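Here is what each chain is made of, one letter per residue.
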Amino acid sequence: MANKDAKHKSNIAGGWYCTDPDDENGEGCIACNVCYTGAPDFFGEDEDGNAYIKKQPESAEDVELCQEQLDACPVNSIGSDG
Ligand code: SF4
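Residues numbered from 1 in each chain as written. Predicted model: local features only at pLDDT ≥ 70, side-chain atom pairs only at ≥ 80, totals over all residues.

**Q** So what's going on with the overall build of the protein? Which residues, and what values?
**A** A count of helical and extended segments in the protein gives 2 helices and 4 strands. Ordered by position from the N terminus, the helices and strands of the protein form the series β-α-β-β-α-β. The globule rule puts the C-alpha radius of gyration for 82 residues at 12 Å, and the 11 Å found for the protein is close to it. Projected onto its principal axes, the C-alpha coordinates of the protein cover approximately 30 × 20 × 20 Å. Residues counted as buried form 35% of the 82 residues belonging to the protein. Once local pairs closer than 6 in sequence are excluded, the contacts in the protein between residues at least 24 apart make up 52%. (Helix = DSSP H or I, 4+ residues; strand = E, 2+ residues; numbered from the N terminus. Rg over C-alpha atoms; globule rule 2.2 N^0.38 Å. Buried ≥ 20, exposed ≤ 12 C-beta atoms within 10 Å, placed from the backbone. Contact = placed C-beta atoms within 7 Å.)

**Q** Explain the nonpolar core residue by residue, including any values.
**A** Of all hydrophobic cores here, the largest spans 16 residues; its most connected members are Cys18, Cys35, Phe43, Ala51 and Ile53. Within the residue set of this core, elements represented by two or more residues are β1 (17–18), α1 (34–38) and β3 (51–53). The element best represented in this core is β3, accounting for 3 residues. Setting aside residues no more than four positions away along its own chain, Phe43 makes contact with Cys35, Tyr36, Ala51, Ile53, Lys54 and Gln69. (Core = buried A, V, L, I, M, F, W, Y, C linked by C-beta atoms within 7 Å.)

As structure tokens, then:
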């Protein structure tokens, strides 16, 4: 799971989050653009290209879409247990 102690400061409150690129566990976002390209309603991009959650998914369909991004993230920087 992504590091709950290294959340990006722009995540909107809720269970889903992205981790900061400075995550000491080495699982921070590397700005690969997968998530905010795949689910732009839920994942935003900061000025450095790093991702954060801009809207929490609620419906089963939205959760499924966000889960696909979590599974696709190459560095384990998306969490749903926050
Ligand atoms: S998929 Fe992961 S590494 Fe890529 S932009 Fe999103 S959070 Fe960052």
